[in-house]
Amino acid sequence: MACILVSSGAATLDLQARGFRVGMIPNGNAFRCSTCHFNPKGGGSRTSFGQDVFSIVGGPSNQAFWDATLAALDSDGDGFSNGVELGDPDGDGVADPGAEVTHPGDPDSKPQIIEPPLEDINMTIEKGDDDAAIMLRWQGGSGLAQVEAKNSLADSIWRGVSVSSDGEMAVENTAPVRLYQVRDVGALVATEFTAHLSGAAVLPDGLETGASGSGQLTIENDTLTFSVDYQGLSGPATAAHIHGPANTQENAGVLVNLEPFNGGAFSSAGTLAGSVELSGEQKAALLMGHAYVNIHTAANPGGEIRGQIAPVFMASSMNGGSARPAAIRGSGRGSGALILRGNELDIQLEYGALSGAATAAHIHGPASVDETGGVLVNLEPFNGGAFGQSGLVRGTVTLSQDVLSAIIDGQAYVNVHTAANPSGEIRGQVVPQIGMTPMTSQLSGGNVVPTPVDSAGEGLGHFSLTGHQFQLAIRYQGLSGPATAAHIHGAADAENNAGVVINLEPYNGGGYEQAGLIAGTVTLTDEQRDAVADGLTYVNIHTAANPGGEIRGQIVIPR
């Protein structure tokens, strides 16, 4: 590709003026032709970014090339994606106002490193002992920290790698681009966990038993509060423990003895309830989903029923860059909030901007982020009657032990398929969420007050609140006409109205339509944070036909 103008000659056809490509790049005027070529006038050898562009356009062509996949690449290998360097992290073609623009093809040109919101932790990244590992080191925080990763800036959620109090951790360096952050989890707000106990979960081969159990657990700071019910044992329990660290496919030693909490004596049915102070090792195992409840009997001394302790709240961020075995270039996006209660999984997903109507959607596994797996859950029964280029998926499924284990172990992913991409156009791992407050909002005309609106419009919002950082993704569709405005209002409950708290126009992707996505991250004031946390805010989307709001939904913690 080139930007210079050559007047004539057959030998110069490859060097015809293609300066129009500068206009296709967000903030393209910052470096003009030298964005893609070492020669500032264009032509000749290409920068690493120019090589990635050429791999898309393949020569003289008017083909558009800037998208979320190219934005997510780190062409020059300096640790910052092309989108971040050009001021358009999402790759939607709309540059962020005032963004620091650096060269995506020059490793020596990169943004200044800005500390993450958790400013009390400072992290450095160093090369490990071999090329397959890197070493993360950090200082600060309350002592216990979770290392989190994601493969692309297009992912809106981080997945936990491990929890440590050592201030350092070696991690694999196998992906072309992988982003890391360290988050203080030593002083958590109340985080809910769940457990489903069955003979099928007992290792190595499972047990056939009519016994079962369920657990509700909470960690707040260093205190674990729990209530575990069990029934139908072959005889009185002889012992009960929390074991770990171990995933669903491993056994481990005792972390917490539950006998002091059996109400005075074990039986074939009963409740284990109380609270204990956790050590750093115990807390790390629980936060990573690497602990399980085990109830023993004389007939089954190794354990008659077992249940992994898992975070209740899970999330998925779907995009083409996460597709495997090969990433998909495209604008398709999706997000999901999933709530696990025992072996019941509530699913709320939204997707949009696909290349065509979805042909199928599933939860797949077992598989890591870089692997593929078979279908675990068919999502078609929950698509509202038909798939589209955008849409919502809502429902509840009862999970078999194998599927439950895959989800708890982080070995499951959501995959949405299309005719153009039958193996999957957008994909996102199902990731347990700890140390943050997940929230949802279901929008409809019936929620508008004081007078409900008769509208086919609907919407679904997913939110996460971490400190004062409020991340949002709101998909809407079926409005009577293009939206004219969208806001978060408060402070008010579902029966009352209130003023605008947050104007959502900066997050609408450049314009409102009858259907669309509103997504971004907002830093809240103390007053705004309190209103959100207390369930006193709502999303309101306005249209010309309904200027007071056509669809509305309260922002709440899912239950």
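Residues numbered from 1 in each chain as written. Predicted model: local features only at pLDDT ≥ 70, side-chain atom pairs only at ≥ 80, totals over all residues. Heavy atoms only, no water.

What follows deals with the nonpolar core. Counting 36 residues, the largest nonpolar core has Leu-224, Leu-258, Ile-295 and Ile-309 as its most contacted members. Looking at this core, the elements that each hand over two or more residues are β7 (191–198), β8 (212–220), β9 (223–231), β10 (237–243), β11 (254–257), β12 (270–277), α5 (280–287) and β13 (292–297). Residues within four places of Leu-258 in sequence aside, it is in contact with Phe-226, Ala-240, His-241, Ile-242, Leu-272 and Val-293. In this structure, Ile-347, Leu-349, Tyr-351 and Val-393 belong to the second largest nonpolar core, which totals 29 residues. (Core = buried A, V, L, I, M, F, W, Y, C linked by side-chain atoms within 4.5 Å. Buried < 20%, exposed > 50% of the residue type's maximum accessible area, 1.4 Å probe, protein only. Helix = DSSP H or I, 4+ residues; strand = E, 2+ residues; numbered from the N terminus. Contact = heavy atoms within 4.5 Å.)

This part takes up the packing of aromatic side chains. Within the structure shown, the criterion is met by 2 aromatic pairs. For the ring pair Phe-226 and Phe-261, a centre distance of 5.1 Å and an interplane angle of 85° mean the geometry is edge-to-face. Of this pair, Phe-226 sits in strand β9 while Phe-261 sits in the loop between β11 and β12, placing them 35 residues apart in sequence. The interplanar angle of 5° and the centroid separation of 5.4 Å between the aromatic rings of Phe-463 and Phe-470 together place this pair among those described as stacked. As far as burial versus exposure is concerned, Phe-463 and Phe-470 are alike and both buried. The side chain of Arg-427 reaches across the aromatic face of Tyr-413, ending 3.4 Å from its centre. A cation over a ring is seen here: Arg-552 above Tyr-538, with NZ or CZ 3.4 Å from the ring centre. (Phe/Tyr/Trp six-rings, centres within 6.5 Å; stacked < 30°, edge-to-face > 60°. Lys NZ or Arg CZ within 6 Å of the ring centre and 35° of its normal.)

Summarising the element assignment, His-417 is placed in strand β22 (residues 413–418). Using a relative accessible area of 7% as the deciding quantity, one classes His-417 as buried. Polar side-chain contacts of His-417 include one of 3.1 Å to the side chain of His-362. In terms of polar contacts, His-417 uses its side chain to reach the backbone carbonyl oxygen of Pro-422, at 2.8 Å. Residues in contact with His-417, not counting those within four places in the same chain, are Ala-358, Thr-359, Ala-360, Ala-361, His-362, His-364, Pro-422, Ser-423, Gly-424 and Glu-425. (Polar contact = N/O pair within 3.5 Å; in protein donor to acceptor, adjacent residues only side chain to side chain.)

Together, Asp-526, Glu-527, Asp-530 and Asp-534 line one region of the surface with negative charge. Within the secondary structure, Asp-530 sits in helix α7 (residues 526–533). For Asp-530, a relative accessible area of 41% translates into the label partly exposed. (Patch = residues over 30% accessible without salt bridge, like charges linked within 9 Å, V, L, I, M, F, W, Y side chains within 5 Å. Areas by Shrake-Rupley, 256 points an atom, 1.4 Å probe, with all protein chains shown as cover. Salt bridge = Lys/Arg side-chain N within 4 Å of Asp/Glu carboxyl O. Lys, Arg positive; Asp, Glu negative; His and termini not counted. Charge placed at Lys NZ, Arg CZ, Asp CG, Glu CD.)

In the structure shown here, the tally under the stated rule is 6 salt bridges. When the shortest N-O distance is used, the salt bridge between Asp-222 and Lys-283 registers 3.1 Å. Placement of the pair is Asp-222 in the loop between β8 and β9 and Lys-283 in helix α5, with a sequence separation of 61 residues. Measuring nitrogen to oxygen at the nearest pair gives 2.6 Å for the salt bridge that ties Glu-350 to Arg-475. Of the two residues, Glu-350 sits in strand β18 (residues 344–352) while Arg-475 sits in strand β27 (residues 469–477), which places them 125 residues apart along the sequence. In this pair, the class of Glu-350 matches that of Arg-475, namely buried.

Attention shifts here to the sheet that holds strand β4 (residues 159–164). The strands that make up a sheet are held in pairs by hydrogen bonds between backbone atoms, and each pair lies either parallel or antiparallel. Overall, antiparallel pairing links the 3 strands, which are arranged β4-β3-β6 in an open sheet. Two strands bound the open sheet, and with one partner strand each, they are β4 and β6 (179–184). Across this sheet, the average inter-strand angle for adjacent strands is 25°, counted without regard to direction. Pairing of strand β3 (residues 145–150) with β4, which is carried by 5 bridges, proceeds in the antiparallel orientation. Bridge pairing in β4 links Gln-146 to Val-163. (Pairing = 2+ DSSP bridges. Axes fitted to C-alpha atoms, helices over the stretch in contact; angles between N-to-C directions.)

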